[in-house]
Each structure stands twice: as C-alpha cells, then as structure tokens.
Amino acid sequence: MVKSVGDFLRDKRFKKFMLIGAVSGEGRSLDGMRVVDLFKPDKTVDLHGNLVFLSNAVGETPDPALIRGLAEAGAAALLLVAGDESLLRRYGEIADEYGLPLITADSNPFNGSFIADFASFLWDISPSASNFLSYTDISVELIDSPNIMALMSRLEDYLGIPSAYRDMALNRTLTASKDRNFTEMVKTYPLRELQRIFYYRWIVNEGMRAGCLLFSEEVKPEQLSIINAALLGLRIHLKKGNQERLARKKLSSNFFTAILEERIEDYAVFMEKLRSAGLHRDSDCLAVAVELRGEMVLDYDDFKFMMGIESIEKRISSLFENVFVMTYKDAILCIIMPAGGQQKERIMERVLHAVRLAVDEMGRMGWPECHIGCGGIKNSLASLGDSASEAMKAAQYSKINEIIGSPIFWEELDSYQIISTIAACPEAKRLHHRVLGRVLRHDREHNGELTDTLVSLERNNWNVRLTAKEMSFHPNTIKYRLHKISELLDGDVDEYRFKFDLSMALRLNAIYRFDKSILMEGD
C-alpha cells in the first residue's frame, strides 16, 4: 500500500510532528527519506517522493532557490526542527509558493526509535534492532536500489570489499564482486562453511532467516551504517518479492480451485489460461492431500508457511515437470501433472519418492506430523477434482488408522472406497445413528469408552480376554462394558444381520468421528 504525507501526519507514532502552511500533503506519495545539508546540498541525490530533512536549518534564513530546487527534484515534503517563529513562518510561505508541505517538530526527531518507526510505517516491516537504520544511515541510497544486483554493486562500491547475498528462500547467491575467487567460493561452498570463513550478517524477515549478507573481511565500525542500510534495502526487496509471489500464488490457486470445484464459466478463457500456464486440458494429473496433525494456520499471508509451501513444491518439482502446491479445504494439496507416455507403475513410484522428499522437507522446517492420501491418476485436468476427492478420503483413512508420514493410495483401499463413498448419503447416517446413537450419547455424557471397547471387541472377534489384553483392562471390566453396550444397542450382537449393521456403523463412525456435526445429528 502506497503511503502519503497525510498518512504520516495521521499516524499516532508521529504525533509530535506538525504541518505548517497551506499545502496539506494529502495524495502526495511518500517513498523514503533524505537528509539535505542546507549549506552543501548534493544535487545528484534522487529526492523523488522523499521526505526531505533540512539539516542546519535552525536560525538560518531560508533560501528560496534551494526550496525551488527540492520541489523540482520531486520532494514529497520538507521537514525541519522548529526554531524562531518568524523564520518558521517564512519557510512555510516559500514552501507554499512551490507547493511543498512543510512539517516541523519541536525537537530533533532523529533517534533510533524514530528511524525504526518510520521504516516500519513506510514499508510495513516489523522492527528488528539489527536490521534498522541509525540517524547517519537515513540518507544512504542503498535502500532505494532498483534491484538486488544493483544494491550489491553499490554496496561493494561503498565498502571497497567483496560482498555477496545468499537468498535462502530462492536458494541463489548474488554478487557483483570483481574477485573471481570470492565469487566462486560464495556460489559453491555451503553456507555454514562460508560463515566460518567470512564476516556475515543475517537478514531476518517476518521472524525467519530469509538471507545472509557475506563480506570477504570484517567490516570497520564506520562501515556499519552502510551495511545497515543495505540490510534494510534487502528486506524491502524481499517484502516486495514476497508480495509478488503471493499474488501469483493466489491467482494460480484460484484457477486450480475453479477446476477442482468445476466452476469454469467461460471455456474459451479456461483454455487460454491453460495454454498460458503451459498445460493441456488432456494432461494426466493426480492429487496428493496432506493433513497436518498439529495446529498450523493454512494462510498464504503467513510468510513462513508460504515459504514452506514453495519449498515442498520445489522438492516435488525435482521429479515432475509440472507441480503446484496449494491449500484446499484445510489440507495441503499437491497437484502433479506427469509427462505423457509414462507407465502408471513408474508414475506411482515417482509419486511415492516425491512424497518422501516432501515429508523430509516438512520435518526439516519443523512442521507437525501429517497424514497423506494419494488420489488416482486421471487423464484430463477436467477430472482433477475426482483425484483430489480421492486423495482427501485416503488422507482421512490415514487419520482413522493413525498412519503418520506414509502415503495411502486410494486405489489400494478396496472396501474403504465403498464405505467412504456412501458415508455422505442420508441412509448411511440413519443406519449409524440407529445402531450406535445411544452408545455415542452415553460416552459423551459420561466421558466413557464404550465405543472404543466396541471397536476392540469387534476387531478381536468378540473375544473378551483378547480385548482386555489389548485395552489393558481386567476381563471383568470388559464383561461389564459389554453388558452395558448390549443394553444401549438397538439389536442383538449375537444375531448375524444386526452384527453386519453394527460392523458397517462402526466403520462409518470411524469416518464421522472427525465431523462433530454429524455425530450430534441424532441427539
């Protein structure tokens, strides 16, 4: 979001600043800040969109030519420390004449807190002591370099020593150094080894180490000002890059969501989008659903999560040409489009390997453990929704059976395919509530374990001793529970037709137990 001079004056962090004169500053975009020495103004500095602080202005008669030059250079507003009231009024009159807002403060505003607040206000970057500027940094031009390579080139000119930037998110190293040996080392050595050899500073963005600035030798204290400016400049570039990637990711996510939910309104537009993405409608495709066990907000606005999604995408892309990873219905959905002509067995081998790479990557990033389901291979993107539905049902099977980190393939689930397919129909829900409703209600009201006991009894062919051993209870406890269950069940467990209904209801309950709204429907 573009900030204006008016936004600056309204921000509560800058309540000590006042506007003098008739020019309000509304609608005047603010891109940065510069210090201009009243006696030695540097005419080579680009002041466009900057809040210009006139140093040494207190007690000095205003120079109309200087203020006109600042206006012609595109300054957004002037800032000075309040002095003699008549001089201040004169500054205001001249600033008005050239259409510049004039801002003043009772005392010198430049301290560490102000610089941090200003940078945070202007670029929406959360403060970090090691990454913000001091007063002497405020006019360093590194902040506004057009790209990271230009910033690195300028930084080397300022410092006079070789430097490089290792981008952790994109896994690349940028350097403008003329020292070939240094360049070769920073591009080929592991980061841990580089940190042992060279002086370095981390770039921390949104609480995550996003990059590392490397120098061939330890910098002098007087050079820290320049390095801090470079660190902030890199953070601003990172934020802009993140915003651009986020916009592209959301655009692609919306496109694939429309395919998954069959919301293609204009077929010609759909085909054009496919072509622009290098895809074909009849491409083979399949989906892999990943459900995290622990708490994690699936929100692309979260920097760490977005970087994690891209990291997983990169791992899987090493095996498949076209891969897209997105969040969908509280799961991470990996959409894979294998190259045509491959045998199904070969594709599934690669999917298995890709999932293992993704799980390893998630573990490296400290993500929670997960349940994974793989849908079947479809021969058209129009059927991608079917594969995604299968993948999510397979992930649910993994959750039911507490299978962690290993993929479950939908096409290998046989009878579970049938049960999960009919689970949503009204007849299945009626059967579930008729057979198990009273048992489930008893467990909820008494914090009981009758349902778990019933599952164990059925699994052990109604053998009380084996069930007691499995559940670590005395057989008499299981006998008591079985008696209570028999009172609550609407049928006789010794009657084979009811036993079949009970077996079906227990399998439906394994699916429904992740949806409390269904479990409560019969109450």
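In short, a report on the structure.

The rules behind these values
- Residues numbered from 1 in each chain as written.
- Predicted model: local features only at pLDDT ≥ 70, side-chain atom pairs only at ≥ 80, totals over all residues.
- Heavy atoms only, no water.
- Helix = DSSP H or I, 4+ residues; strand = E, 2+ residues; numbered from the N terminus.
- Rg over C-alpha atoms; globule rule 2.2 N^0.38 Å.
- Contact = heavy atoms within 4.5 Å.
- Areas by Shrake-Rupley, 256 points an atom, 1.4 Å probe, with all protein chains shown as cover.
- Pairing = 2+ DSSP bridges.
- Axes fitted to C-alpha atoms, helices over the stretch in contact; angles between N-to-C directions.
- Buried < 20%, exposed > 50% of the residue type's maximum accessible area, 1.4 Å probe, protein only.
- Arc of directions from axis to C-beta.
- Polar contact = N/O pair within 3.5 Å; in protein donor to acceptor, adjacent residues only side chain to side chain.
- Salt bridge = Lys/Arg side-chain N within 4 Å of Asp/Glu carboxyl O.
- Phe/Tyr/Trp six-rings, centres within 6.5 Å; stacked < 30°, edge-to-face > 60°.

### Focus: the overall build of the protein
Right, so step 1: When its secondary structure is counted, the protein shows 19 helices and 16 strands.
Right, so step 2: Rg of the C-alpha trace for the protein: 33 Å, well past the compact-globule value of 24 Å for 523 residues, more than 25% over.
Right, so step 3: Dimensions of the protein, computed from C-alpha atoms along their principal axes, come out at roughly 105 × 55 × 55 Å.
Right, so step 4: Contacts in the protein between residues far apart in sequence, at least 24 positions, make up 65% of those at least 6 positions apart.
Right, so step 5: Accessible area for the protein stands at about 26600 Å²; split by element, carbon and sulfur atoms hold 49% of it.

### Looking at the sheet that holds strand 6 (residues 77-81)
Right, so step 1: Pairing is mixed across the open sheet formed by five strands, whose spatial order is 2-7-6-5-4. At either end of the open sheet lies a strand with only one pairing partner, and these are strand 2 (18-20) and strand 4 (32-37). The sheet shows a mean angle of 30 degrees between the axes of neighbouring strands, taken without regard to direction.
Right, so step 2: One ladder, built from four bridges, connects strand 6 with strand 7 (residues 102-105); its direction is parallel. The residue of strand 7 that forms the bridge with V81 is A105.
Right, so step 3: Here helix 3 (residues 85-97) sits on the sheet and contacts strand 2, strand 5 (50-55), strand 6 and strand 7; the angle it forms with strand 7, its principal contact strand, is near 155 degrees.

### Looking at helix 16 (residues 464-471)
Right, so step 1: The set of residues buried in helix 16 consists of V464, T467, A468 and M471. In an axial view of helix 16, the angular spread of the buried residues amounts to 100 degrees, which keeps them on one side of the axis. Opposite its buried face, helix 16 presents the exposed residues R465 and K469, each directed more than 90 degrees away.
Right, so step 2: Packing partners of the buried residues in helix 16 comprise helix 15 (450-459) and helix 17 (475-488).
Right, so step 3: One side-chain oxygen of the residue at the start of helix 16 lies 3.0 Å from the amide nitrogen of R465, identifying that residue as N463.
Right, so step 4: Where helix 16 ends, the next residue or the one after it, S472, has phi of about 60 degrees, a positive value.

### Overview of the pattern of salt bridges
Right, so step 1: Applying the stated criterion to the full structure yields 27 salt bridges.
Right, so step 2: A salt bridge links D282 to R281, with the nearest nitrogen and oxygen atoms 3.6 Å apart.
Right, so step 3: On the accessibility criterion, D282 (47% relative accessible area) is partly exposed.
Right, so step 4: Look at R281 and you get partly exposed, because its relative accessible area is 28%.
Right, so step 5: Through salt bridges with shared partners, a single network forms among D7, R10 and E26.

### Brief notes about the packing of aromatic side chains
Right, so step 1: Counted under the stated rule, the structure contains 15 aromatic pairs.
Right, so step 2: Between F8 and F118 the ring centres are 6.0 Å apart and the planes differ by 70 degrees, which places this aromatic pair in the edge-to-face class. One end of the pair, F8, is in helix 1 (residues 5-10); the other, F118, is in helix 4 (residues 112-123), and 110 residues separate them in sequence. For the pair F8 and F118, a shared accessibility class is recorded, and that class is buried.
Right, so step 3: Each member of the aromatic cluster is reached from another via a ring pair, and the members are F8, F14, F17, F114, F118 and F121.

### A word on the sheet that holds strand 16 (residues 407-409)
Right, so step 1: A sheet is described by the order of its strands in space; here five strands give the open sequence 13-14-12-15-16, paired in mixed fashion. Every other strand in the sheet has two partners, leaving strand 13 (322-328) and strand 16 as the edge strands with one partner each. The average angle at which neighbouring strand axes cross in this sheet is 20 degrees, direction not considered.
Right, so step 2: Here strand 12 (residues 286-292) runs beside strand 14 (residues 331-337); their pairing, made up of five bridges, is antiparallel. Each residue of the ladder has a partner; that of V288, found in strand 14, is C334.
Right, so step 3: The strands touched by helix 12 (residues 384-400) are strand 12, strand 13, strand 14, strand 15 (370-374) and strand 16; relative to strand 12, the strand with the most contacts, the crossing angle is about 35 degrees.

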